[in-house]
Amino acid sequence: MQSRLDREFSRYQEQYEARALEVLRSGWYVLGKQDEAFEREFADYIGTKYCAGVASGLDALTLAFRVLGVGAGDEVIVQGNTYIASVMGITINGATPVFVEPDEYYMIDADRIEEKITDRTRAVLVVHLYGCPANMDKICAVCNRHHLKLVEDCAQSHGAKFKGRNTGSFGDIGCFSFYPSKNLGAFGDAGAVTTNDPELDRMIRVYRNYGSEKRYHNMVVGMNSRLDEMQAGLLRVKLSHLDAINRERSTLADAYDRGIVNPRVIKPLVPPDVTPIYHQYVIRVPEGRDELKDYLDRNGITTIIHYLIPPHLSEAYVDLGMSRGDLPITERYADTVLSLPMYCGMTDEEQQRIINAINEWDT
Ligand SMILES: *Cc1c(COP(=O)(O)O)cnc(C)c1O
């Protein structure tokens, strides 16, 4: 099985059930006391002054570029190998994504950002993919040098640190998803935006609520992207266990690192200065990735490809006019990556079975 969210739930079941009852009995279900408390606790955890709850990770990205004024005619630099939602956050606002190839850690290659900057470039969207922070020293320096806005896609990096500092606290805005499978996952859709800028925080709050700050008065055409009290309340419970959850995933990653010895498999590298949180444990199989996936499937081990079709080759983005060969590293990763099962509550025996199966493959 790929994921066993039930294992993590049952560990803290009583706390979740008590909080759920509290919310049900409160008589207040959207943007209330739980949301306020969660925003405060999450801002403190990430290390920003502000946090605003929204309805999803895609909404967080969409609203981030909206309040930064990035739209039609603007270009946003983003890595080629990301989840398509990162790119949609840009294009929903009418801006154009400009793709940069990833480095050997699967993060945006910070040394190749500058060559993509034009006089229309307005922002960089850095994605801390798989839970591994990108090189924020280099990326912040490029953004400062060229006066670009910096947005962080932290949908996979809750609690991941670069030089001891949390992702989501480096950029103008940090965007989080709390989709159930994320390390800090809710029990439905949810998201948040972090920032140190009071005006950006204020405008996120305006846009998430029909463009209104004061009832009956609508300043702009906003959205309905509010965080509900049930998700906020349950997220507060999970946030109190997030460090333990992340530690457990790191232990699982260590065991994969030590256990997998099949020479056909490339294990993930961890760059210096980072504390990853292993949202995914991603191996690369230069020859025979699909065969390994099928073989594991036959052995009852479900793996996932993050991501099979890179955004620039997606049907949704034919208008960009890009084709195979335009981003060779991104495409090579799409053709060779494979995410192994990674979930809290995985037993040693379960993991050993996965490791043995991989080591026994074609040797
Ligand atoms: C999950 C994810 C998103 C989107 O979050 P949703 O809450 O599903 O909208 C965006 N970017 C990345 C990198 C993600 O993994």
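The written sequence of each chain sets the order in which its residues are numbered from 1. Under the rules for a predicted model, residues below a pLDDT of 70 receive no local features and side-chain atom pairs below 80 are neither given nor counted, while totals for whole chains, interfaces and linings still include all residues. Side-chain numbers come from the whole structure's heavy atoms, not from hydrogens or water.

Undergrad: I keep staring at the overall build of the protein chain and nothing clicks. Help me out?
TA: Secondary structure elements follow DSSP: runs of H or I no shorter than four residues count as helices, runs of E no shorter than two count as strands, and numbering proceeds from the N terminus. Along the backbone of the protein chain there are 12 helices and 14 strands. For the radius of gyration, the atoms used are the C-alpha atoms, and the globule rule reads 2.2 Å times the number of residues raised to 0.38. Against the compact-globule benchmark of 21 Å for 363 residues, the protein chain has a radius of gyration of 20 Å, which places it among compact chains. On the principal axes, the C-alpha backbone points of the protein chain span a range of 70 × 55 × 35 Å. A total of 363 residues make up the protein chain; the buried ones form 56% of that total. Accessible surface is estimated by sampling points in the Shrake-Rupley manner with a 1.4 Å probe; for residues, cover comes only from the protein chains shown. For the protein chain, the exposed surface amounts to about 15,700 Å²; the carbon and sulfur share of it is 50%. Charged residues are defined narrowly, with Lys and Arg counted positive, Asp and Glu counted negative, and His plus the chain ends left uncounted. Note on charges: their place is set at NZ of Lys, CZ of Arg, CG of Asp or CD of Glu. Separation between the mean location of the 40 positive side-chain charges and that of the 52 negative ones in the protein chain comes to 4 Å. Only protein chains enter the area calculation, which uses a 1.4 Å probe; residues under 20% of their type maximum are buried, those over 50% are exposed, and those in between are partly exposed.

Undergrad: Got a minute to help me understand the site of the ligand in this structure?
TA: Residues are classed as near a molecule or strand on a simple rule: at least one heavy atom within 4 Å of it. Around the ligand, 13 residues are found, and the nearest of them are G57, D153, Q156, S177 and K182. Counting of polar contacts relies on pairs of N or O atoms within 3.5 Å, with two restrictions inside protein: one atom must be capable of donating a hydrogen and the other of accepting it, and residues adjacent in sequence are counted only when both atoms are side-chain atoms. At 2.8 Å, a backbone N or O of G57 approaches an oxygen atom of the ligand. Mapped onto the shell around the ligand, the elements with two or more residues apiece are helix 4 (57-67) and helix 5 (84-91). Sorting elements by how many residues they give to the shell around the ligand places helix 4 first, with three residues. Taken together, the residues of the shell around the ligand break down into six nonpolar, five polar and two charged. Three classes are used, and their members are as follows: Ala, Val, Leu, Ile, Met, Phe, Trp, Tyr, Cys and Pro are nonpolar, Asp, Glu, Lys and Arg are charged, and the others, Gly among them, are polar.

Undergrad: So what exactly am I meant to see when it comes to the environment of G171 here?
TA: Locating G171 in the fold gives a position in the loop between strand 7 (165-166) and strand 8 (173-177). Residue classification places G171 among the buried residues on the basis of a relative accessible area of 17%. The spacing of G171 and A190 is 19 residues in sequence and 21 Å in space, taken between C-alpha atoms. Ignoring anything within four residues of it in the chain, the contact list for G171 reads L150 and E152. Between two residues, a contact is recorded if the distance between any of their heavy atoms is within 4.5 Å.

Undergrad: I would appreciate a short explanation of the pattern of salt bridges in the present structure.
TA: A side chain with one charge can pair with a side chain of the opposite charge if their charged atoms come near. What counts as a salt bridge is simple: a side-chain nitrogen of Lys or Arg found within 4 Å of a carboxyl oxygen of Asp or Glu. Tallying each qualifying case throughout the model produces 22 salt bridges. A salt bridge links D201 to R205; the nearest nitrogen and oxygen atoms lie 2.9 Å apart. Of this pair, D201 and R205 are both found in helix 7 (residues 198-208), four residues apart, which corresponds to roughly one turn of the helix.

Undergrad: Quick question: what am I supposed to make of the packing of helix 2 (residues 13-26) against helix 8 (residues 229-239) here?
TA: Geometry of a packed helix pair, given as the angle between the helix axes and the separation of the axes. To obtain an axis, a line is fitted to C-alpha atoms, over the contacting stretch when the element is a helix, and the angle between two such axes runs from 0 to 180 degrees between their N-to-C directions. Where helix 2 meets helix 8, the axes come as close as 9 Å, and the angle between the chain directions of the two elements is 150 degrees. As summarised for this structure, helix 2 and helix 8 are arranged roughly antiparallel, according to the angle between their axes. Crossing angle aside, the handedness with which helix 2 passes helix 8 is right-handed. Along its contact with helix 2, which presents Q15, Y16, R19, A20, V23 and L24, the element helix 8 presents E229, M230, G233, L234, R236, V237 and K238. Looking at the contact of helix 2 with helix 8, its residues break down into seven nonpolar, two polar and four charged. Any angle between 65 and 115 degrees counts as roughly perpendicular, while under 35 counts as roughly parallel, over 145 as roughly antiparallel, and the rest as oblique. Crossing handedness is defined as follows: a turn of the near helix away from the far one that is anticlockwise and smaller than a right angle gives a left-handed crossing, while the clockwise case is right-handed.

Undergrad: In this structure, what is going on with the sheet that holds strand 4 (residues 121-127)? I would like to understand it.
TA: As a general point, the strands of a sheet are linked pairwise by backbone hydrogen bonds and lie either parallel or antiparallel. Should DSSP find at least two bridges between two strands, the strands are regarded as paired. The strand order across the open sheet formed by seven strands is 1-9-8-5-4-2-3, and the pairing between neighbours is mixed. Each edge of the open sheet carries a strand with a single partner, namely strand 1 (50-54) and strand 3 (96-100). On average, adjacent strands in this sheet sit at an angle of 25 degrees to one another, irrespective of strand direction. For strand 8 and strand 9 (residues 191-195), the ladder comprises four bridges, and the chain directions are antiparallel. When the sheet's bridge partners are listed, F176 is paired in strand 9 with A192. Here helix 3 (residues 33-46) sits on the sheet in contact with strand 1, strand 8 and strand 9, set at roughly 130 degrees to strand 1. Sheet contacts for helix 5: strand 2 (75-79), strand 3, strand 4 and strand 5 (149-153); angle to strand 3, the most-contacted strand, approximately 140 degrees.

Undergrad: How do you make sense of helix 4 when you look at a structure like this?
TA: Because the α-helix completes a turn every 3.6 residues, residues three or four places apart line up on one side. Buried residues dominate helix 4, accounting for nine of its 11 residues. If you check which residues of helix 4 are buried, you get G57, D59, A60, L61, T62, L63, A64, F65 and V67. Where helix 4 starts, the residue carrying a side-chain oxygen 3.4 Å from the main-chain nitrogen of L58 turns out to be S56. Backbone geometry just downstream of helix 4 places G69 in the positive-phi region, at approximately 75 degrees.

Undergrad: How should I be thinking about the packing of helix 3 against helix 8 in this particular structure?
TA: Closest axis-to-axis distance for the helix 3/helix 8 pair is 8 Å, and the angle between their directions is 35 degrees. Crossing of helix 3 against helix 8: the hand is left-handed. Taken together, the residues of helix 8 that come into contact with helix 3 (itself represented by K33, Q34, D35, A37, F38, E41, F42 and Y45) are E229, A232, G233, L235, R236 and L239. In terms of residue class, the contact of helix 3 with helix 8 is built from seven nonpolar, two polar and five charged.

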